[in-house]
Every structure is written in structure tokens, then in C-alpha cells.
Amino acid sequence: MPSRVVVYATSGLALAHAGFAESPRSEATVQVTVPADRTVWNTSVSLARPDLADPVLVAWDVLRTGGPDAPEAARHLKHATFDRGRGDNIGG
């Protein structure tokens with residue numbers, strides 16, 4: 001069960017209507033990021049997954065957020081995104 005969620009969005013989200021309140025980053029359970037660099041969406045589009053954020057950023061967030069299963073989750077993301085169908089498992 002995740003203890004923290006990072007959401008990448010193309011615009012701000014009105015989370016107060018859903019009962020969320022702002023808090024310091026260290027105490028947040030939901031982090032919404034609206035990237036200034038719009039190219040972060042290009043990688044997911046090129047991978048035919050326009051509904052997802054850049055998988056490299058997602059893996060970074062998983063590793064940055066931490067937890068005992070973070071490395072395994074990042075490896076799973078890498079495999080699901082880049083290795084599927086290639087017949088190899090480079091780097092993990």
C-alpha cells in the first residue's frame with residue numbers, strides 16, 4: 001500500500017474540493033507536479049502510452065520516495081516500459 005502518491009498533471013488540480021489540504025512536502029501524502037518542461041510527456045507518447053508521464057521521471061520519483069521495495073518497483077517499471085518484447089533484461 002503506497003504511503004505517498006506523486007501525480008504529474010498538465011494543469012493544476014483542485015484537490016481542496018476532494019478534502020485535501022496543503023502541507024509541507026515532508027508531510028505530504030499526495031504531490032501534484034505540473035512540469036514547466038512540457039517535453040516530459042513526449043517520451044510516453046513515443047512509447048504509445050500518452051496517458052502516462054515520462055517513465056524515467058516516474059522511476060526517479062519511485063526511487064526518491066524510497067521504501068524497501070522502491071528498487072524492485074523501479075526495475076519493474078523499466079522492464080514494463082523498455083524491455084518488454086526485446087528478449088533481454090538489460091540492467092535488471
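Quantities reported herein were computed from a predicted structural model and do not represent experimental measurements. (Residues numbered from 1 in each chain as written. Predicted model: local features only at pLDDT ≥ 70, side-chain atom pairs only at ≥ 80, totals over all residues. Heavy atoms only, no water.)

Caption draft 1: View of helix α2 (residues 55–65). Every buried residue belonging to α2 is among Pro55, Ala59 and Asp61, and all of these are buried. The arc enclosing the buried residues of α2, seen along the axis, measures out at 160 degrees, which places them on a common side. Of the surrounding secondary structure, the elements contacted by the buried residues of α2 are β1 (5–8), α1 (40–46) and α3 (70–83). One or two steps after α2, the chain reaches Gly66, where phi turns positive at roughly 85 degrees. (Buried < 20%, exposed > 50% of the residue type's maximum accessible area, 1.4 Å probe, protein only. Helix = DSSP H or I, 4+ residues; strand = E, 2+ residues; numbered from the N terminus. Arc of directions from axis to C-beta. Contact = heavy atoms within 4.5 Å.)

Caption draft 2: Inspection of the side chain of Asp61 at higher detail. On the secondary structure map, Asp61 appears in helix α2. A relative accessible area of 5% means that Asp61 is categorised as buried. Within the structure, the side chain of Asp61 is placed 2.7 Å from the side chain of Arg64, a separation counted as a polar contact. With residues up to four places along the chain from it excluded, the contact list for Asp61 reads Val6 and Tyr8. (Polar contact = N/O pair within 3.5 Å; in protein donor to acceptor, adjacent residues only side chain to side chain.)

Any functional reading would require information that these geometric values do not contain.
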